[in-house]
Amino acid sequence: MSRRPVNPARRIGDGGSIPFVGAVQSKTRSSPLLSIGLVVLGAILLICYSYSGSGGLSSKEVMSKFEGGVSCTYEVQRAIPVLKKAYGDSMRKVLHVGPETCSVVSKLLKEEDTEAWGVEPYDLEDVDTNCKSLVRKGIVRMADIKFPLPYRTKSFSLVIVSDALDYLSPKYLNKTLPELARVSTDGVVIFSGYPGQNRAIVAELSKFGRPAKLRSSSWWIKFFLQNSLEDNEAASTKFDQASIKSSYKPACQVFHLKSEEEYQHRSVGSLNTILSPPPSSNLSIFSGKLQLYIIMSRRPVNPARRIGDGGSIPFVGAVQSKTRSSPLLSIGLVVLGAILLLCYSYSGSGGLSSKEVMSKFEGGVSCTYEVQRAIPVLKKAYGDSMRKVLHVGPETCSVVSKLLKEEDTEAWGVEPYDLEDVDTNCKSLVRKGIVRMADIKFPLPYRTKSFSLVIVSDALDYLSPKYLNKTLPELARVSTDGVVIFSGYPGQNRAKVAELSKFGRPAKLRSSSWWIRFFLQNSLEDNEAASTQFDQASIKRSYKPACQVFHLKSYQ
């Protein structure tokens, strides 16, 4: 057979030369089941992405994540499973103190073998029937926490306080904190906001009388010292470990204090009174309210007719429909699903390379990779102090290479271990003297104040206290504007067979309270200003560190 030539204009009119148009007008349509399946998949991925790091919160709390507000009371609810693992039997009789206490008490009462009470420091307005019932039964009380609590000494095994302390001045904190310790037997857990978080709302000003005063962890630590409140180091370590196992990333600072009985026999100012915050990692944000009203009306349908039309069997009506959906919908949904899957996979990764992203799923932790992620945040926090940087730690070539790409930044590196299987770029850095191999258990090969900032990652985790006593002062000696330490959390997966042969010993991952005691013993001061700026920059950039980050001052 032969056919006459086809008019190109006609082909264009038929959609032949325009991508997808022919598919749209094709007589053979794809099954809408594919479209329906992809819609469901997209919805599931969107929900997973929205809930990522939220711990399965309600719609009210999930919406608050996107609105940018912070509520440490919601954070307490997320942390209940982690607190139960950390405190065990101490969760048998709990007092919660803070705004919206009814929601926390209600959730605690659903836990097995847990009794709960609450103190609402502010007016109970627009509360639901459940909260009114708790108040009527005496489970929840309204009380001004600036004055003695209406409970006998040791009435509760554990006291949890959220948000309330952020609205008190130091004058009243001096009275309130000892009161919280007085009524507990096993300790006090404090949830407090990070500096820079969005908390001061107009509605709060009228309710709380003053905007929230969000203090840095170093401020809290000094305050605990002044009031002889001891860190509950055992509980803090267990909380950190349980957080890692549960993939829980608190959006608030969490402090663990001993009860009055446990510290009253110790002297004021003892080094054992140090406390520091747990993982700051997920800066997931929660506040605000969501109200969803669905109003629909339709005429009654004959049940027999609905069955005949396939209405009561899922998707049957769609399969038998005479009008087929366009494959463009399927293509669009495939693309959307792929994008959402990538977003979910990379959530919280900070746009890492494939090697680093894989380490996230494999459970490994490298604080050296964490330094690379933190460079933009460090530049915001330290400003001109990032002009001349020394990095100390394994894989230092990768950090130095990244720092050298930054504008107005010079960088050097110290590799404490053997340089094996390195690339040509690293060999070049060593040849130029930018990167050196040096045993950090001995004095560093640099003059005093050679660098504006020293950043150390991973290396200190492999040193015993004997050598840390020498190494930390050395790091402070060669810097002018401070030392930043990236260290792993207790319970993180770090000790691998390859590490044992390279580093000589498995990593010793210490708690934040251990590190702070050690800093004090060696007269190393916390750089509070830099710490606050780092926290604020982290929040603005949605950066969630996977390692502990400490900011120290240099020796003057």
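Small disclaimer: the values here were computed from a predicted structure and weren't measured. (Residues numbered from 1 in each chain as written. Predicted model: local features only at pLDDT ≥ 70, side-chain atom pairs only at ≥ 80, totals over all residues. Heavy atoms only, no water.)

1. Side note on the pairing of strand β5 (residues 188–192)
Looking down a regular strand, the side chains alternate between one sheet face and the other. For β5, the tally of buried residues reaches five of five residues, placing the bulk of the element in the interior. The side-chain alternation of β5 yields two buried faces, one formed by Val-188, Ile-190 and Ser-192 and the other by Val-189 and Phe-191. Here strand β4 (residues 158–162) pairs with β5 via four bridges, running parallel. Bridge pairing links Ile-160 to Val-189 in β5. Crossover connection from β4 via helix α8 (residues 170–182) to parallel β5: handedness right-handed. Pairing of β5 with strand β6 (residues 253–257) involves five bridges; the strand directions are antiparallel. Paired with Ser-192 across the two strands is Gln-253, which belongs to β6. (Buried < 20%, exposed > 50% of the residue type's maximum accessible area, 1.4 Å probe, protein only. Helix = DSSP H or I, 4+ residues; strand = E, 2+ residues; numbered from the N terminus. Pairing = 2+ DSSP bridges. Right-handed = clockwise from strand over helix to strand, strands pointing away.)

2. Quick look at the sheet that holds β5
Across a sheet, strands are paired by hydrogen bonds formed along the backbone, either parallel or antiparallel in direction. Reading across the sheet, the six strands line up as β3-β2-β1-β4-β5-β6 and stay open at both edges, with mixed pairing between neighbours. Of all the strands in the sheet, just β3 (140–142) and β6 have a single pairing partner and so form its edges. Shown here is a sheet whose adjacent strand axes are inclined to one another by a mean of 15°, direction ignored. The pairing of strand β1 (residues 93–97) with β4 spans four bridges and is parallel. The residue of β4 that forms the bridge with Leu-95 is Val-159. Relative to the sheet, helix α6 (residues 101–109) contacts β1, β2 (115–120) and β3, its axis offset from that of β2 by approximately 180°. Running at roughly 15° to β6, helix α10 (residues 217–226) makes contact with β5 and β6 of the sheet. (Axes fitted to C-alpha atoms, helices over the stretch in contact; angles between N-to-C directions. Contact = heavy atoms within 4.5 Å.)

3. Considerations on the sheet that holds strand β8 (residues 410–415)
Spatially, six strands are ordered β9-β8-β7-β10-β11-β12 in an open sheet, and the strand pairing comes out mixed. The open sheet terminates on both sides in strands that have one partner only, identified here as β9 (435–437) and β12 (548–552). Recorded for the sheet is a direction-independent mean angle of 15° between the axes of neighbouring strands. In this fold helix α18 (residues 396–404) packs onto β7 (388–392), β8 and β9, with an angle of close to 180° to the strand it touches most, β8.

4. Points about the state of the cysteines
Under the definition given, this model contains four disulfides. Between the sulfur atoms of Cys-102 and its disulfide partner Cys-131 the distance amounts to 1.9 Å. Taking the torsion about the S-S bond as the criterion, the Cys-102 to Cys-131 disulfide, at about 50°, is right-handed. Residue Cys-102 is found in helix α6, and its partner Cys-131 is found in helix α7 (residues 129–136); the two are separated by 29 residues along the sequence. The burial state of Cys-102 is the same as that of Cys-131; both residues are buried. Disulfide pairing is shown between Cys-367 and Cys-547; the S-S distance is 2.2 Å. Judged by the sign of its S-S torsion, about -105°, the cystine formed by Cys-367 and Cys-547 is left-handed. (Disulfide = S-S within 2.5 Å.)

5. Considerations on the confidence of the model for the chain
Counting all residues, the mean pLDDT for the chain is 75, and 67% of those residues have values of 70 or more. The low-confidence segment residues 265–323, where pLDDT is below 50, has 122 contacts with residues more than four positions distant or belonging to other chains. (pLDDT = per-residue confidence, 0-100.)

6. Some details on the packing of α8 against α10
Two packed helices can be described by the angle between their axes and the distance between those axes. Remark: α8 packs on α10, axes separated minimally by 11 Å, with the N-to-C direction vectors making an angle of 60°. Taken together, the axes of α8 and α10 are oblique relative to one another. The way α8 lies across α10 gives a crossing that is right-handed. Side by side, α8 and α10 meet where Pro-170, Leu-173, Asn-174 and Leu-177 of the first sit next to Trp-219, Trp-220, Phe-223 and Phe-224 of the second. (Parallel < 35°, antiparallel > 145°, perpendicular 65-115°, else oblique. Left-handed = near helix turned anticlockwise from the far one by under 90°.)

7. Some points on helix α5 (residues 72–87)
Look at α5: only 19 Å from first C-alpha to last across 16 residues, short of the 22 Å you get at 1.5 Å a residue. Roughly 55° is the biggest bend found in α5, and it falls at Ala-79, with proline Pro-81 one to four residues downstream. Extensive coverage of α5 is indicated by the burial of 13 of its 16 residues. At the C-terminal side of α5, Gly-88 shows a positive phi close to 55°. (Expected span 1.5 Å × (residues − 1). Bend = angle between axes of the 7 residues up to and from the residue.)

8. Looking at the nonpolar core
Within the largest apolar cluster, 31 residues are counted, with the highest numbers of intra-cluster contacts made by Leu-460, Leu-472, Leu-475 and Ile-485. For this core, the secondary-structure elements that each account for two or more residues are β7, β10 (453–457), α20 (465–477), β11 (483–487), α22 (512–521) and β12. Not counting residues up to four positions away in its chain, the partners in contact with Leu-472 are Leu-460, Ile-485, Trp-515, Phe-518, Phe-519, Leu-524 and Leu-552. (Core = buried A, V, L, I, M, F, W, Y, C linked by side-chain atoms within 4.5 Å.)

9. Observations concerning unusual backbone geometry
Even without being a glycine, Lys-449 presents a positive backbone phi close to 60°. Within the secondary structure layout, Lys-449 lies in the loop between β9 and β10. Residues other than glycine seldom take positive phi values, yet Ser-542 does so here, at roughly 55°. Relative to the elements of secondary structure, Ser-542 occurs in the loop between α23 (528–540) and β12. Residue Ser-542 is classed as exposed on the basis of its relative accessible area, which comes to 53%.

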